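Fold and contact review
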Amino acid sequence: MSIGRTGRAVRETVSGLPPAFWWLWTSTLVNRLGGFVATFMALYLTLDRGYSATYAGLVAALHGLGGVLSSLGAGVMTDRLGRRPTLLVAQASTAVTVALLGFVRDPVAIAGVAFLVGMASNASRPAVQAMMADIVRPEDRIRAFSLNYWAINLGFAVSTTAAGFIAEHSYAAGFLLEAVMTMACAIVVFVKLPESKPVQVEGEAREDSVGLGTVLRDGRFMGVVGLSFLVALIFQQGAVGLPVAMGAAGFTPADYGMAIAVNGVLIVVLQIPVTRFIEHRDPGRLLVLSALLAGYGFGLTAFAGSVGVFALTVCVWTLAEIVNAPTQTGLVVQLSPAHGRGRYQGMYTMSWAVAALVAPLMSGLVIDRYGAEWLWGMCAVVGTVAGLGYALLMRRLPSGTSTLAAPASAPVPATDAVPVPAPVEEAPVVAAGADASEEEAVVPGRGGEGRSEVGAP
């Protein structure tokens, strides 16, 4: 009986999404199956190359700086050139630079190539998120974001386990594997994905009317970006602080790979059922809960002394990821106008890129000077601050974003300085080839009032 209910839940979750979404989903899965650099960079530099944790943090920070610089530029490219060209350029560039990173040996060259990898790999994110919002109906976006996040972690669970053992024999092989998989991802985009950029309709605001200044003046959206940075700062420790701390404590790359793989496995198992549970819940409470779970989940790492206990702490902050990812990503889409979606997504992506820049520097210095226990205590503090911030911010948002099941007629105010889109009034701007009636559709009778686009990286 329970198996039958699970099967029905899975079928209901994956049904009704357009074919273009599934090709984008496949591209994401292929890319993540080859994931290596972000997960094992710190171990590669400290254990294989013999550099200090501070140097490893510096290189990871340069990787993050590249992402910061490319986030906004990629967002503008996504709006002006289109989603598909931006994806192709970003993925092809990532494949080339990752392969090069596996062969450079000079410390300055390593840092420079890591910077280029950060620029290239991060440039695809605004395009992916904008394309997904373009091709999926508003009422289906929470499912789409969750399924995409599920694909990310399915690939992550497989790649981290395998790459941990690959790293014990050849880090270069891991870099080359990621390069090949990323190029395969670009091929999928080139062959199967059409452009999804919304077409301009006569009388509709020009796409360049939403500039970066407009995004920066959108106080509510920038509040979400700021809190996203704090949460990302915590989650980044799974890739930078945790491997360095485990390595310093005498654990092997395979030990770290096994512990961190729990993160991907749990998301693969729990993302779909948890999404069905939270999709009609108050996103404010969900975001507060996820921030606290993330902070205190990493905080518990201070008491870990074995691979099993490390894995248990990973379980705690993984629950935070499962809740935070679709909720926050959907909120970002709802606050973004369709004709400026790339720029808004670029700014949101930059919050994670800045965290990728700051987190390695913070973790490397704290571990070297004070010990890993201080790092985990700081994570608990930051999680608490982020939770309080979400609680305050969500009180200021309009009624249309206060619950996951917003009424279709919920008014959303707008000003000349800061255009605020109504999440269900996207009919004037639709993706090429899409039916305008589908963009307006809201499924009634679910969650009491209907299902909005508020939905997770």
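Residues numbered from 1 in each chain as written. Predicted model: local features only at pLDDT ≥ 70, side-chain atom pairs only at ≥ 80, totals over all residues. Heavy atoms only, no water.

Turning our attention to helix α2 (residues 19-33). Along an α-helix, residues three or four apart share an orientation, since each turn contains 3.6 residues. For α2, with 15 residues, the first-to-last C-alpha span of 21 Å sits near the 21 Å given by 1.5 Å per residue. For α2, every residue scored as buried is listed here: Ala-20, Phe-21, Leu-24, Trp-25, Ser-27, Thr-28, Leu-29 and Val-30. (Helix = DSSP H or I, 4+ residues; strand = E, 2+ residues; numbered from the N terminus. Expected span 1.5 Å × (residues − 1). Buried < 20%, exposed > 50% of the residue type's maximum accessible area, 1.4 Å probe, protein only.)

For the rest of this paragraph, the subject is the packing of helix α4 (residues 53-80) against helix α6 (residues 107-122). Running from N to C, α4 and α6 cross one another at 35 degrees; their axes reach a closest spacing of 7 Å. When the axes of α4 and α6 are compared, the crossing they make is right-handed. For the pair α4 and α6, the contacting residues are Tyr-55, Val-59, Leu-62, His-63, Leu-65, Gly-66, Gly-67, Leu-69, Ser-70 and Ser-71 in the first and Pro-107, Ile-110, Ala-111, Ala-114, Phe-115, Val-117, Gly-118, Met-119, Ser-121 and Asn-122 in the second. For the contact of α4 with α6, the residue count by class is 12 nonpolar, 8 polar and no charged. (Axes fitted to C-alpha atoms, helices over the stretch in contact; angles between N-to-C directions. Left-handed = near helix turned anticlockwise from the far one by under 90°. Contact = heavy atoms within 4.5 Å. Nonpolar A, V, L, I, M, F, W, Y, C, P; charged D, E, K, R; others polar.)

What follows is about the nonpolar core. Residues Leu-101 and Phe-221 are the most contacted members of the largest nonpolar core, which totals 82 residues. The element best represented in this core is helix α16 (residues 341-369), accounting for 12 residues. Apart from residues lying up to four places away in sequence, Leu-101 is in contact with Val-37, Met-41, Tyr-44, Ile-110, Val-113, Ala-114, Val-117 and Phe-175. Counting residues in hydrophobic clusters, the runner-up holds 24 residues, among them Ala-127, Val-128, Met-131 and Leu-193. (Core = buried A, V, L, I, M, F, W, Y, C linked by side-chain atoms within 4.5 Å.)

Right, let's get into the side chain of Gln-345. Counting through the fold element by element, Gln-345 comes out in helix α16. Owing to a relative accessible area of 0%, Gln-345 belongs among the buried residues under this scheme. Those residues within four positions of Gln-345 in sequence are excluded, and the remaining contacts are Pro-126, Gln-129, Ala-130, Val-332 and Val-333.

Tallied over the entire structure, the rule returns 4 salt bridges. Here Arg-83 ties to Asp-79 by a salt bridge, and the two come within 3.5 Å at their closest N and O atoms. As far as the burial class goes, Arg-83 and Asp-79 line up, both buried. For the salt bridge of Asp-79 with Arg-343, the shortest nitrogen-to-oxygen distance reads 3.0 Å. Taken together, the residues Asp-79 in helix α4 and Arg-343 in helix α16 connect sequence positions 264 residues apart. The burial state of Asp-79 is the same as that of Arg-343; both residues are buried. If you follow the salt bridges from partner to partner, you end up with Asp-79, Arg-83, Asp-134 and Arg-343 in one network. (Salt bridge = Lys/Arg side-chain N within 4 Å of Asp/Glu carboxyl O.)

At their nearest, the axes of helix α11 (residues 219-235) and helix α15 (residues 307-334) sit 12 Å apart, and the two run at 160 degrees to each other. Here α11 lies roughly antiparallel to α15, going by the angle between them. At the point where α11 passes α15, the crossing takes the left-handed sense. For the pair α11 and α15, the contacting residues are Phe-221, Val-224, Ser-228, Val-231 and Phe-235 in the first and Trp-317, Ala-320, Glu-321, Asn-324, Gln-328, Leu-331 and Val-332 in the second. Tallied by class, residues from the contact of α11 with α15 come to 8 nonpolar, 3 polar and 1 charged. (Parallel < 35°, antiparallel > 145°, perpendicular 65-115°, else oblique.)

So, on to a nonpolar patch on the surface. Residues Val-96, Met-183, Ile-187, Phe-190 and Val-191 make up a contiguous nonpolar surface patch of about 490 Å² in total accessible area. Sort the elements by how many residues they give to the nonpolar patch and helix α9 (residues 171-192) lands first, with 4 residues. Here Val-191 lies in helix α9. Val-191 gets classed as exposed once you look at its relative accessible area, which sits at 56%. (Patch = residues over 30% accessible without salt bridge, like charges linked within 9 Å, V, L, I, M, F, W, Y side chains within 5 Å. Areas by Shrake-Rupley, 256 points an atom, 1.4 Å probe, with all protein chains shown as cover.)

Function-wise, these values are silent; they only describe arrangement.
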